[in-house]
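# Observations on the three-dimensional arrangement
Next come the chains, spelled out residue by residue.
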Amino acid sequence: MSNQAPEEVFKSIISHAKEYGFVFQSSEIYDGMSAVYDYGQNGAELKKNIRDYWWRSMVQMNENIVGIDSAIFMHPTIWKASGHVDAFNDPLIDNKDSKKRYRADVLIEDHIAKIEGKIEKEVEKAAKRFENFDEKMFRSTNPRVQENQKKIDDINARFKDALEKNDLAEVKQIIVDLEIVCPISGSRNWTDVRQFNLMFSTQIGSVTDESNTIYLRPETAQGIFVNFLNVQKTGRMKIPFGIAQTGKAFRNEIVARQFIFRMREFEQMEMQFFVKPGTEMDWYNKWKETRMNWHHSLGFPQNMHRFHDHIKLAHYANAACDIEFNFPFGFKELEGIHSRTDFDLSQHEKFSGKKLQYFDPEDNESFVPYVVETSIGLDRMFLAILSQSYKEEKLEDGSDRVVLNLPAFLAPIKCAILPLVKKDGLPEKAREIMDVLKYDHLCVYEEKDSIGKRYRRQDAIGTPYCITVDHQTLEDNTVTIRERDSMKQERIAVDKAASIVSEKVDMRAALKKL
Ligand code: ATP
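Across the six residues that make up strand 4 (residues 89–94), a large majority, five, are buried. Note: strand 4 against strand 6 (residues 194–197), four bridges, orientation antiparallel. By the bridge assignment for strand 6, proline 91 is matched with glutamine 195. Here strand 4 folds back onto strand 5 (residues 101–103) in antiparallel fashion, the turn holding six residues, of which lysine 99 has a positive phi close to 60°.

As structure tokens, then:
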């Protein structure tokens, strides 16, 4: 697989996801809908397990974090207060020749990523050439690296300035000056840059007029803010404390590409942590570290993640960064960590006319708490895990296999139970074992095709264990258990099977790393 171009690997992952029941294009029989996807039988399980891992690491592992489930529909004034009605925009630009629409900021970011790619190649080349290679020294002294770094810094500075002034003509000028071409037409024939609001709206009730317009929530966070006092009072929560929630969010994304990376309907896992004003930077740094540890706890190589500090802070934030993941199409945002100050709660106080304050019994004072937010896309996390786990292997006997090296506790199916042949009482014995294991784990029973083919099918969906029932099982009540990654088989007593599987798929080991 290492010889394949990243685009080819990405294509293989997408077709694998479809072929093995992970992700389907929405409404496929009607030719599909762009940027909307359905999760199939294995995808739904994997997604559920990721959500569960996030939820437990937040809510179960932290005594001061609780979870809620707020509605998708909310009072329309909420989106006015949060700033989404006026400012939840993306700058869009069209290429007049291809008629394709792009996000202007993404065009510029992609251009920067290309220059970054040149720097990385230069570093890689040098690392191969010199023994005792000092990467830091090389980056700070090599003229070509320096020149490219300066280009990046200049573009960033200019872009940041344009965004801060909301100067869309300047954003277009940057695209023109950088000679960015449309990837489809190859031309530089661009329209002006315009702002486009990403919220979907619909009508509530039977009368259609302006006052009945409501929005599909573009983030789950606001459902937490407007319930801040409900939760604080009923849960008798003391600051600092957090409220977590997972759920659907909707954005009318302009550029719909890269599979489930950018969807119009997606799921977020968000946690708002309410703190005393003045302590927010400490909590921001703590949550940065905690969230990075969470990603590392899945056991993937650490160089697959990096922090990216925001150059332009949103109007409500006093610090913000992304955790980026090295997707098959490069490093991109997977999770955002934002110090949101008291912006949201203060805005809701202003627009609702209700106090949203916390009374601190120790200091005998009331204040609007500050908030540190962690916000991760479940679908993006799914894609990160899928692309990191997907392996095409050449085995010693010359055959090929595709395997998903998923962390065992995330695997859709935990154990497959396979009678060697479809006769001689083996299916009945296998069913007996299944009837024991199914109370603890999602298991499958399969009797069709050769045992080798059945193993391969389970490897392809990431099943950690296969238990094979053969004639010896009937004599001495033993089975073979095959482990996915090593493909090693071991003969064990039937009554050991449940505990072996349970130990392997237990989430505890990962949670303990946090
Ligand atoms: P981007 O810059 O990629 O559009 P964003 O900065 O707008 O993302 P946030 O508003 O910070 O994203 O949302 C938090 C998280 O929600 C993101 O880190 C991402 O994982 C996820 N997310 C946002 N938009 C989408 C989308 N259209 N499809 C899937 N996941 C998304």
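Attention now goes to the packing of aromatic side chains. Inspection of every chain in the model, using the stated rule, returns 20 aromatic pairs. Centre to centre, the rings of phenylalanine 325 and phenylalanine 327 are 5.1 Å apart; their planes meet at 75°, and the pair counts as edge-to-face. Residue classification places phenylalanine 327 among the buried residues on the basis of a relative accessible area of 2%. A connected cluster of aromatic rings, assembled from ring pairs, spans Phe10, Tyr37, Phe259, Phe261, Phe325, Phe327 and Phe329.

Taken together, the neighbourhood of the ligand is formed by 17 residues, with Glu253, Arg262, Met263, Glu333 and Leu334 sitting nearest. With respect to the ligand, the side chain of arginine 251 contributes an N or O atom lying 2.9 Å from an oxygen atom. The contact in question runs from an oxygen atom of the ligand to an N or O atom on the backbone of glycine 377, over 2.9 Å. When the ligand is considered free in solution it has 590 Å² of accessible area, and contact with the protein chains removes 86% of it. Among the elements that take part in the shell around the ligand, strand 13 (residues 330–341) stands out by supplying five residues, more than any other. Per-class residue counts for the shell around the ligand are five nonpolar, five polar and seven charged.

Domain assignment breaks the protein into domain 1 (1–71 + 206–391), domain 2 (89–197) and domain 3 (404–511). A separation of 35 Å is found between the C-alpha centroids of domain 1 and domain 3. Interface area, domain 1 with domain 3, both sides summed: about 1,600 Å², of which 74% is carbon and sulfur. On the domain 1 side of the contact with domain 3, Asn49, Tyr53 and Ser389 bury the most area, a combined 28% of that side's loss. Linking domain 1 to domain 3 there are zero salt bridges. No other element matches the nine residues that helix 2 (residues 41–60) contributes to the side of domain 1 that touches domain 3. Residues belonging to the side of domain 1 that touches domain 3 are distributed by class as follows: 11 nonpolar, six polar and four charged.

Moving on to the sheet that holds strand 19 (residues 415–419). Spatially, five strands are ordered 20-19-21-22-23 in an open sheet, and the strand pairing comes out mixed. Where the open sheet ends on each side, the last strands, each with one partner, are strand 20 (443–445) and strand 23 (489–493). Here the average twist between neighbouring strands, direction ignored, is 25°. The pairing of strand 21 (residues 465–469) with strand 22 (residues 478–483) spans four bridges and is antiparallel. What sits directly across from tyrosine 465, in strand 22, is glutamate 483. Each of strand 19, strand 20, strand 21 and strand 22 touches helix 14 (residues 426–437); the most contacted strand, strand 19, lies at about 160° to it.

Another aspect to go through is the packing of helix 5 (residues 104–129) against helix 8 (residues 168–177). For the pair helix 5 and helix 8, the least separation of the axes is 10 Å and the interaxial angle reads 35°. Note that helix 5 runs across helix 8; the crossing there is left-handed. From helix 5, Ala104, Leu107 and Ile108 reach across to helix 8, where they touch Val171, Ile174 and Ile175. Of the residues contributing to the contact of helix 5 with helix 8, the split by class is six nonpolar, no polar and no charged.

Moving on: the nonpolar core. If you look at the biggest cluster of nonpolar residues, it comprises 60 residues, and the most contacted ones within it are Val23, Ile50, Tyr53, Ile260 and Phe382. Take this core: its biggest share by element is seven residues, from helix 13 (residues 378–389). Here this core spans two domains, and each of domain 1 (1–71 + 206–391) and domain 3 (404–511) adds at least three residues to it. Not counting chain neighbours up to four residues away, the residues in contact with isoleucine 50 comprise Met269, Leu378, Met381, Phe382, Ile385 and Leu410.

Position of lysine 332 among the secondary structure elements: in strand 13. Residues lysine 332 and phenylalanine 261, spaced 71 residues apart in sequence, show a C-alpha to C-alpha distance of 9.3 Å. Filtering out sequence-adjacent residues up to four positions away, lysine 332 remains in contact with Asp110, Gln258, Phe261, Ile323, Glu324, Phe325 and Phe327.

Judged by pairing direction, the sheet is mixed, and its seven strands sit side by side in the order 3-9-10-16-13-12-11 without closing on themselves. Pairing within the sheet leaves two strands with one partner each, and these edge strands are strand 3 (65–67) and strand 11 (305–309). Each strand axis lies, on average, 25° off the axis of its neighbour in the sheet, ignoring direction. Bridge analysis of strand 9 (residues 241–250) against strand 10 (residues 265–275) gives 10 bridges, and the strand direction is antiparallel. Note on strand 10: the bridge partner recorded for glycine 242 is phenylalanine 273.

Definitions and cut-offs
Residues numbered from 1 in each chain as written. Predicted model: local features only at pLDDT ≥ 70, side-chain atom pairs only at ≥ 80, totals over all residues. Heavy atoms only, no water. Buried < 20%, exposed > 50% of the residue type's maximum accessible area, 1.4 Å probe, protein only. Helix = DSSP H or I, 4+ residues; strand = E, 2+ residues; numbered from the N terminus. Pairing = 2+ DSSP bridges. Phe/Tyr/Trp six-rings, centres within 6.5 Å; stacked < 30°, edge-to-face > 60°. Near = heavy atom within 4 Å. Polar contact = N/O pair within 3.5 Å; in protein donor to acceptor, adjacent residues only side chain to side chain. Areas by Shrake-Rupley, 256 points an atom, 1.4 Å probe, with all protein chains shown as cover. Nonpolar A, V, L, I, M, F, W, Y, C, P; charged D, E, K, R; others polar. Domains from an automatic or database assignment. Buried area = accessible area lost by both parts, 1.4 Å probe. Salt bridge = Lys/Arg side-chain N within 4 Å of Asp/Glu carboxyl O. Axes fitted to C-alpha atoms, helices over the stretch in contact; angles between N-to-C directions. Contact = heavy atoms within 4.5 Å. Left-handed = near helix turned anticlockwise from the far one by under 90°. Core = buried A, V, L, I, M, F, W, Y, C linked by side-chain atoms within 4.5 Å.

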